[in-house]
Every structure is written in C-alpha cells, then in structure tokens.
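Listed below, chain by chain, are the residues.
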Amino acid sequence: MNKKKSRKRTNLTPNRKLINIFLTIFLIAFLVTIASYFTIKNKEANKDIPPQISTQEIKDEISIPPRIAEIKDLKEQINHKLFEEKFDLNEEHKFEEYTKELEKVIDEKTEVEESINKENKIIQKKVEEIKEDKLKEKQKEKSSININETIKNKIDEKSIITKKDTFTYDKKIKPKIAIVIDDVTTQAQKDKILSMGYKINMAFLPPTKTHPDSAKIAQSLSFHMIHFPMQASGAFKGEEINTLTINDSYETIEKRVKQLREWYPNAVYTNNHTGSVFTENEEAVDKLFRALKKYNFIFVDSRTSAKSVAKKYAKKYDMPYIVRNTFIDNDRDFKSIQNQLKKAIEIAKKQGYAIAIGHPHTVTLEVLKDSKSLFREVEPIFINQLPYL
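Residues numbered from 1 in each chain as written. Predicted model: local features only at pLDDT ≥ 70, side-chain atom pairs only at ≥ 80, totals over all residues. Heavy atoms only, no water.

J.: In this structure, what is going on with the side chain of Thr270? I would like to understand it.
T.: On the secondary structure map, Thr270 appears in strand β4 (residues 269–274). Judged by its relative accessible area of 1%, Thr270 is buried. In this structure the side chain of Thr270 is engaged in a polar contact, spanning 2.8 Å, whose partner is the backbone oxygen of Ile226. Other than its neighbours up to four places away in sequence, Thr270 contacts Ile226, Phe228, Leu292, Phe297, Ile298, Phe299 and Val300. (Helix = DSSP H or I, 4+ residues; strand = E, 2+ residues; numbered from the N terminus. Buried < 20%, exposed > 50% of the residue type's maximum accessible area, 1.4 Å probe, protein only. Polar contact = N/O pair within 3.5 Å; in protein donor to acceptor, adjacent residues only side chain to side chain. Contact = heavy atoms within 4.5 Å.)

J.: Can you walk me through a nonpolar patch on the surface in this structure?
T.: Judged by side-chain polarity, Ile19, Phe22, Leu23, Phe26, Leu27, Phe30, Leu31 and Ile34 come together as a nonpolar surface patch covering roughly 820 Å² of accessible area. Structurally, Ile34 can be placed in helix α1 (residues 2–47). Look at Ile34 and you get partly exposed, because its relative accessible area is 32%. (Patch = residues over 30% accessible without salt bridge, like charges linked within 9 Å, V, L, I, M, F, W, Y side chains within 5 Å. Areas by Shrake-Rupley, 256 points an atom, 1.4 Å probe, with all protein chains shown as cover. Salt bridge = Lys/Arg side-chain N within 4 Å of Asp/Glu carboxyl O.)

J.: Just checking my understanding: could you explain the pairing of strand β5 (residues 298–301) for this structure?
T.: Each regular strand carries side chains that alternate between the two faces of the sheet. Taking every second residue as pointing to the same face, both faces of β5 are buried, with Ile298 and Val300 on one and Phe299 and Asp301 on the other. By the bridge criterion, three bridges tie β4 to β5 in an arrangement that is parallel. Residue Tyr269 lies in a different strand from β5, and its bridge partner there is Ile298. Crossover β4 to β5 through helix α11 (residues 282–294) is right-handed. Inspection of the sheet shows β5 paired to strand β6 (residues 322–323) by two bridges, in the parallel sense. (Pairing = 2+ DSSP bridges. Right-handed = clockwise from strand over helix to strand, strands pointing away.)

J.: How should the nonpolar core be read in this particular structure?
T.: Across soluble globular proteins, nonpolar side chains have a tendency to be buried as a group. One finds Ile179, Val257, Leu288, Phe289 and Leu368 to be the most contacted residues of the largest nonpolar core, which totals 56 residues. The biggest single contributor to this core is α11, with six residues. What Ile179 contacts, discounting residues up to four positions off in sequence, is Tyr198, Ile200, Asn201, Leu341, Ala356, Leu368, Phe375 and Ile381. By size, the runner-up hydrophobic cluster in this structure holds 18 residues, among which are Val180, Phe223, Met225 and Tyr353. (Core = buried A, V, L, I, M, F, W, Y, C linked by side-chain atoms within 4.5 Å.)

J.: I would appreciate a short explanation of the packing of helix α13 (residues 334–351) against helix α14 (residues 362–370) in the present structure.
T.: Two measures define how a pair of helices packs: the angle their axes make with one another and the distance between the axes. Their axes nearest at 9 Å, the elements α13 and α14 cross at an angle of 55 degrees. The angle between α13 and α14 places the two elements in the oblique class. For α13 against α14, the interelement crossing comes out right-handed. Residues Phe334, Ile337, Gln338 and Leu341 of α13 lie in contact with α14, whose contacting residues are Val363, Thr364, Glu366, Val367, Leu368 and Asp370. Looking at the contact of α13 with α14, its residues break down into six nonpolar, two polar and two charged. (Axes fitted to C-alpha atoms, helices over the stretch in contact; angles between N-to-C directions. Parallel < 35°, antiparallel > 145°, perpendicular 65-115°, else oblique. Left-handed = near helix turned anticlockwise from the far one by under 90°. Nonpolar A, V, L, I, M, F, W, Y, C, P; charged D, E, K, R; others polar.)

J.: How should the packing of aromatic side chains be read in this particular structure?
T.: Here the distance between the centres and the angle between the planes together describe a pair of aromatic rings. The tally for this structure, following the rule as stated, stands at seven aromatic pairs. Residues Phe289 and Phe299 carry aromatic rings whose centres are separated by 5.4 Å and whose planes lie at 65 degrees to one another, so their mutual orientation is edge-to-face. Residue Phe289 is found in helix α11, and its partner Phe299 is found in strand β5; the two are separated by 10 residues along the sequence. Across this residue pair, the class does not change: Phe289 and Phe299 are buried. In this structure an aromatic cluster arises from ring pairing among Phe167, Tyr353 and Tyr388. Its guanidinium or amino end placed over the ring of Phe297, Arg261 lies 3.8 Å from that ring's centre, counting from NZ or CZ. The ring of Tyr250 carries the charged tip of Arg290 above its face, separated from the ring centre by 3.8 Å. (Phe/Tyr/Trp six-rings, centres within 6.5 Å; stacked < 30°, edge-to-face > 60°. Lys NZ or Arg CZ within 6 Å of the ring centre and 35° of its normal.)

J.: Is there a simple way to explain a negative patch on the surface in this structure?
T.: A cluster of acidic residues, Glu128, Glu129, Glu132, Asp133, Glu137 and Glu141, forms a negative patch on the protein surface. Here Glu129 lies in helix α6 (residues 100–159). Residue classification places Glu129 among the partly exposed residues on the basis of a relative accessible area of 35%. (Lys, Arg positive; Asp, Glu negative; His and termini not counted. Charge placed at Lys NZ, Arg CZ, Asp CG, Glu CD.)

Printed below as a string of structure tokens:
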C-alpha cells in the first residue's frame, strides 16, 4: 500500500513542473502581447501630434492675424503724413480690423480729396486768367501812355524853333550829304575810309583796353568826331567802358566830357553811341549839354530813340540842333545798304541836306566805294559844313 502511494507521488511531481513551465510561458506571452498592444497604440497616437512649433512662430501667429497684416502693409505703402491728413486717428481706432466699413471711409475721403484738388485746379486756372487779363490791361495802358508821350514829344519838338527849322533850301545850290561812319577805332579802318576819295565823317570811340589808340589815330585828320557811349536798353549787349547812364551825377558826366576834350583837343562834334535810354531822359540830357557847352562841344543826335529830347536842350543851351536822317546799314547786305544810301540822297535833294550814319563793316565800305556815281547830284560834306549852321 505504501509502495503504491510512493509511486503515485513520484508520477505527479513531473506533471506539476510541466504545468508551472506552461503557466510561466503563458504569462510571459500575455505580458508581451499587452506590451506590444500599448506600444502600437502610442505610435498611432504620436502620428496625430502636430510637428513642433517655435516660440517665435507661435508669437507671430498670435500677434498678427491675416487682416491686421494687410493693414500693416497698407500703412507702409502710404506716406505717414498723407495718412494723418486723410484719417483722424481717433476715427481710425473705431475699427479693430480692416473691414469693409473702413474701406468705405478710405474711399469717401479719397473722393473728397480728389474733388478738392479738381476745384483747386479750376480756381488756379481762373486766377491765372485774371492775372493775364490784368497784365494785358496794364500793357494797353502803358502802350496808350507811350503813344500819348510820343505825341506830346512831337508837339513839343514842333514848338521848338531852331536854325534847322528856319532854313530855306535854295535849289540853285547843290544839295549836301554828310555820311558819318561810327565806331572807328583802328588805323586800318581810317585808311579804308580815306581811300574812298570823298568826304566821310569818322566818329571815333574813346580809348579803352580793346582799342587804346583810337584818339591818337584821329589826331592827323582835318576833321573828326567823337562817338560818345551812352546808356542803351537792357536788350543791348557789349556796353563800352565808362558809358554814361541816367543815374550819373553832373560831376561824373562833366569829368567824362573833360577827359574827351583832353583826348581829342581838335574835335568839336560828338554823337551818341547807342543811348536810346539816355537821350530820352530829360535830367540826364540836361547835364550832358551843360558839360558839352562848358568844353566847347556840339552834339549830333544819332536818334537811336524817337523820344530823344536832344532838340529841347540844344535850344536851351543855344547850340545847333543836328540830327541824322537815316541809318544805312541796319541790314548788312549790299543791296539794302545801297538803297538806304539812295534814300539819304533823295532826302538831301528835297531839303538841301541829309545826314546818313553807317559803320565800318566791310560790306558798308564796299557800297560806299562802289557808289561814287550816286554822288553826282549831291556834295559829300563834313558835319560842320551843313548849310543851316
């Protein structure tokens, strides 16, 4: 009996070991399965987690919503000063973001500004038109005044009687023509004029750095004149040194005339070089004639202005009134110069004398040389031989 129990226990022991091993394997497998399950679950969960975002990107995302960024770009494109003019800042703060309502305000303000600009342009145009009209009125008034002054001057001249006005031409005597060549400064010019073979009046410019010998060259001539520089209009360029102006004092003018007397001790007659402004000015011409009288000069009016007052002051200072009749070389071509010369000859035939002024241009001297035949009916003379002196 005991032997049977012993065998039976011996048979059960190996079976329990197998059961324990089996249970251990099962437990391990179970644990591995559970572990695998949770691992897979975690991987799937990680797929749903978004990629890591930087702190700066999160800040940017939070601080600049898309609409606000649009407004920021808009502001950068608009000049700050113009923006302040268009929008009241308090009004702008009514809107927390760029909305249709804000766009409407912008459009309305832009339309108002454009309307104001158009009105301003219209107003400006009207102002310019008014200015132009006023300027035209002033010009008309000035023109009217000038016409009246010219008429007055003509009336004044006619009321002044000189020996020239009382002269009666005796047609039995050959008419006289005095040709004056202004601006003479060089020996070469002098020689060409002398080669013409008839009397021509040479008017010499006072010496300057550009023509220092003009006075010396004149001394050997039996007759010569002084071409006295006087103030011209602003349009004239190339003014001579020491040109007399209407603002010069008597002392300045007297000093200049005295200097001419020292340079040209044998000259008596002087005519104006330019001088359209100077010879219109009563005060200036009065000072000039006073000084000329003192140093024994006689003035020849080149008549560069129709408003010259030289006649009035010639009468005042008891000096002969001498005035040119024509300029012969305003147009520098042969035919024009010769036609002007013929015109001077016709004047001489009508009144008994004529004074024609030219310049030492090559073409002028050519005309004078080739036109000797025109002088058969007139006599070329020096200024001091005028019949009414």
